[in-house]
Amino acid sequence: MEAVGDRDRKILVAGTGPAGLIAALMLAHAGLAVTLVGPRPQGRDRRTVALMRPSLDAIEPLGVLEKLLPETAPLKAMRLVDATGRLVRSPTVTFHAGEIGEDFFGLNIPNARLTEVLSRAVNAAPLVEWHESLVETWACEGDRVTAKLENGEMIAAKLAVAADGRGSPARAAAGISAKTRTLPQAALVLNFKHAREHGFVSTELHTKTGPCTQVPLPGMRSSLVWVLRPEDAERMNSLGDQELSMRIEEQFSSMLGRVTVEPGRQIYPLSTLMPSRFGQNRVALVGEAAHVFPPISAQGLNLGIRDVEDLVAVASAFPDDPGGTGAMNRYHAARRADVLARANSVNLLNASLLSGFLPAQLARSAGLSIVGSVPPLRALFMREGMRPGSGFSALLPFRGRGPAAESRS
Ligand SMILES: Cc1cc2nc3c(=O)[nH]c(=O)nc-3n(C[C@H](O)[C@H](O)[C@H](O)COP(=O)(O)OP(=O)(O)OC[C@H]3O[C@@H](n4cnc5c(N)ncnc54)[C@H](O)[C@@H]3O)c2cc1C
């Protein structure tokens, strides 16, 4: 295949969801030229994303946060409520950001607005060249990876960043296998108005079918992610606004007063995905190409931003060949522990909710009771929830979170 011009000196980023747009901008911010391939986001995603302080710090230099602020709400406290109705129940645990000296844990941001603001920043970034097309075929051969686009263009690069979502064609082309599992769950997603103030508290109800999470939006509004059996999610979605509003009010025991759902509901079928490698054959995985798990405790895109931070560190450490074997091994080593730890804890918590098995319920209950009642553990849990390693590093005389981070210092 013949590549066009000098494009193979640029890093190719495939995918224009939040992970791909952030990857393009952060690589460019580090002085690396990028070819971005993917369609312009259409603003159809009705989800909101809770980005924690470390993620906000990571994207702050991109100059996008101030444009997002009017439509975001800070998360000042997080409440976990056992609503399983089972024999063994965990106590309600509330974490306040003030306990660890922070004003807030993170910001809740509408996804459509996030990708719109990121897209504008990409348009204004001189080091990013955006091709609004899809990659049709990939070839990972020798010292380059080549993408043939649907519009007929050919693009070659020493490193391709697969930000092309859970089905990632780039991951498959690099020969990276992935274990996937379809879960017996789907998330009903919507926004709603409520009569009482949320006080910037997010409440995660742990139910027998999964978490049901309210996250504050500006004013007397919140977003909802309600994880149900797929057939129940469809049933709920078929209800009229008034009936569904009543169900949500009931679910939260009228904690927020009268509820009024807003137009624009969506259902997301849930699954898990874990790849065998995070980088191989000049392809590095970020975002949902690299990990998928259920929406518990706002982990997915936060982890995706950490993928990108490590990728930028590796690409900067290997300027001559950012996609070579040394760079890919470094990237794999940097991401493995973080992704495995997050995926395991989220999948375990999810499985313990679905499980009718008493020991699993006891373990979840005991874990939350201990974490909730021992002050040093509360602080550790809160810091670890925002960024892995930060809870432990606050207790230890050194900092750092793996090979990619070490290479930066
Ligand atoms: C209900 C729900 C709630 C969530 N809440 C949170 C939260 O509060 N906090 C959090 O951190 N995470 C959350 N997540 C996870 C978060 O939404 C995902 O991690 C994030 O959206 C993934 O973004 P992505 O860019 O990796 O993938 P996607 O958004 O799927 O983007 C993939 C992109 O690749 C493009 N693409 C596909 N094929 C090709 C091709 N051949 N060529 C070029 N481009 C291609 C697509 O067009 C798309 O633009 C939630 C997830 C769910 C399901």
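Remember, predicted model here, so these are calculated numbers, not experimental data. Every chain is numbered independently, its residues counted from 1 as its sequence is written. Thresholds applied to this predicted model are a pLDDT of at least 70 for local features of residues and 80 or more for the giving and counting of side-chain atom pairs; totals over whole chains, interfaces and linings are not thresholded and use all residues.

## Here we look at the overall build of the protein
Logical step 1: Under the DSSP-based scheme used, a helix requires at least four consecutive residues in state H or I and a strand at least two consecutive residues in state E, with every element numbered from the N terminus. Along the backbone of the protein there are 13 helices and 20 strands.
Logical step 2: The proportion of buried residues among the 409 residues of the protein is 45%. With C-beta atoms placed from the backbone, a residue is buried if 20 or more other C-beta atoms are within 10 Å of its own, exposed if 12 or fewer are, and partly exposed between those counts.

## Considering the packing of helix α1 (residues 18-29) against helix α8 (residues 300-317)
Logical step 1: Lines are fitted to the C-alpha atoms to define the axes, a helix being fitted only along its stretch in contact, and any angle between axes, read from their N-to-C directions, falls within 0 to 180 degrees. Across the interface, α1 lies against α8 with an axial gap of 10 Å and an inter-helix angle of 30°. In terms of orientation, α1 lies roughly parallel with respect to α8. Seen along the crossing, α1 lies across α8 with a hand that is right-handed. Where α1 abuts α8, its residues P18, A19, I22, A23, M26 and L27 lie against L301, G304, I305, V308, L311, V312 and A315.
Logical step 2: Its residues assigned to classes, the contact of α1 with α8 comprises 12 nonpolar, one polar and no charged. What sets the label is the angle itself: under 35 degrees gives roughly parallel, over 145 gives roughly antiparallel, 65 to 115 gives roughly perpendicular, and the rest give oblique. Crossing chirality is assigned from the near helix's rotation relative to the far helix, an anticlockwise turn below a right angle marking it left-handed and a clockwise turn marking it right-handed. Two residues qualify as being in contact provided that their C-beta atoms, derived from the backbone, are within 7 Å of each other. Nonpolar residues are Ala, Val, Leu, Ile, Met, Phe, Trp, Tyr, Cys and Pro. Charged residues are Asp, Glu, Lys and Arg, and all others, Gly as well, are polar.

## Some points on the sheet that holds strand β10 (residues 144-149)
Logical step 1: In space, the three strands of this open sheet follow the order β9-β10-β11, with antiparallel pairing throughout. Pairing within the sheet leaves two strands with one partner each, and these edge strands are β9 (135-141) and β11 (154-157). Averaged over all pairs of adjacent strands, the angle between their axes in this sheet comes to 20°, without regard to strand direction. Being paired, for any two strands, means DSSP has found at least two bridges between them.

## Observations concerning the site of the ligand
Logical step 1: Think of it this way: take the backbone, place a C-beta atom on it, and check whether that atom is within 6 Å of the molecule or strand, in which case the residue is near it. The immediate surroundings of the ligand are formed by 32 residues, with G15, G17, G165, G287 and G300 found nearest.
Logical step 2: Elements that contribute at least two residues to the shell around the ligand include exactly α1, β3 (48-52), β13 (178-194) and α8.
Logical step 3: With four residues, the single largest contributor to the shell around the ligand is α8.
Logical step 4: For the shell around the ligand, the domains that each give at least three residues are domain 1 (7-65 + 111-180 + 271-408) and domain 2 (70-108 + 184-270). Note: domain ranges come from an automatic or database domain assignment.

## A closer look at the pairing of β11
Logical step 1: Examined bridge by bridge, β10 and β11 share four bridges and lie antiparallel to one another. Paired with T146 across the bridge in β11 is A156.

## What to know about the sheet that holds strand β4 (residues 73-75)
Logical step 1: Strand order in the open sheet made by the three strands is β3-β7-β4, with antiparallel pairing throughout. Edge positions in the sheet fall to β3 and β4, since each of these pairs with one other strand and no more. The sheet shows a mean angle of 30° between the axes of neighbouring strands, direction not considered.
Logical step 2: Examined bridge by bridge, β4 and strand β7 (residues 106-110) share three bridges and lie antiparallel to one another. The residue bridging P74 from the neighbouring strand is L107, located in β7.

## Points about unusual backbone geometry
Logical step 1: For F200, which is not a glycine, the phi torsion comes out positive at approximately 60°.
Logical step 2: The residue F200 is located in the loop between β13 and β14 (201-207) in this model.
Logical step 3: Phi is positive for R282, which is not a glycine, with a value near 70°.
Logical step 4: Mapped onto the elements, R282 comes out in the loop between β19 (279-280) and β20 (283-285).
Logical step 5: Judged by C-beta crowding, with 28 C-beta atoms within 10 Å, R282 ranks as buried.

## Here's the deal with the environment of T72
Logical step 1: With respect to the secondary-structure elements, T72 resides in the loop between α3 (65-68) and β4.
Logical step 2: For T72 and I109, which are 37 residues apart along the polypeptide, the C-alpha to C-alpha distance reads 4.9 Å.
Logical step 3: Not counting the four nearest positions on each side in its chain, T72 is found in contact with L107, N108 and I109.

## Concerning the pairing of β7
Logical step 1: Of all five residues in β7, five are buried, a share of seventy percent or more.
Logical step 2: Side chains G106, N108 and P110 of β7 all project onto a buried face; the interleaved residues L107 and I109 project onto the opposite face, where all are buried too.
Logical step 3: In the sheet, β3 pairs with β7 via five bridges, with the strands oriented antiparallel. Note that in β7 the partner of V49 across the bridge is I109.

## Digging into the environment of E204
Logical step 1: As for its position among the elements, E204 is in strand β14.
Logical step 2: Separated by 11 residues in sequence, E204 and V215 have C-alpha atoms that sit 8.4 Å apart.
Logical step 3: Not counting chain neighbours up to four residues away, the residues in contact with E204 comprise M78, L80, P211 and T213.

## A word on the confidence of the model for the protein
Logical step 1: The pLDDT averaged across the protein works out to 88; a share of 83% of its residues lies at or above 70.
Logical step 2: Confidence drops under pLDDT 50 across residues 1-5; counting only partners more than four residues distant or on other chains, this segment forms 12 contacts.
Logical step 3: A low-confidence stretch, residues 405-409 (pLDDT under 50), is modelled with six contacts involving residues beyond four sequence positions or located in other chains. Scored from 0 to 100, pLDDT records how confident the predictor is in each individual residue.

## Description of the nonpolar core
Logical step 1: By convention in this section, buried Ala, Val, Leu, Ile, Met, Phe, Trp, Tyr and Cys residues joined through C-beta atoms within 7 Å make up a nonpolar core. Ranked by internal contacts, the top residues of the largest apolar core, which has 100 residues, are A23, V161 and V286.
Logical step 2: Mapping this core onto the domain boundaries places at least three of its residues in each of domain 1 (7-65 + 111-180 + 271-408) and domain 2 (70-108 + 184-270).
Logical step 3: Apart from the residues within four sequence positions on either side, V161 is in contact with I11, L12, V13, A14, A23, A284, V286 and L311.
Logical step 4: Residues F293, I296, V346 and L349 belong to the second largest nonpolar core, which totals five residues.

## Quick word on the packing of α1 against helix α4 (residues 111-124)
Logical step 1: Interhelical geometry of α1 versus α4 gives an angle of 30° and a closest axis separation of 10 Å. For the element pair α1 / α4, the angle class is roughly parallel. The two elements α1 and α4 cross, and the hand of that crossing is left-handed. Residues P18, L21, I22, A24 and L25 of α1 form the contact with α4, whose own contacting residues are N111, L114, T115, L118, S119, A121 and V122.
Logical step 2: Taken together, the residues that form the contact of α1 with α4 break down as nine nonpolar, three polar and no charged.

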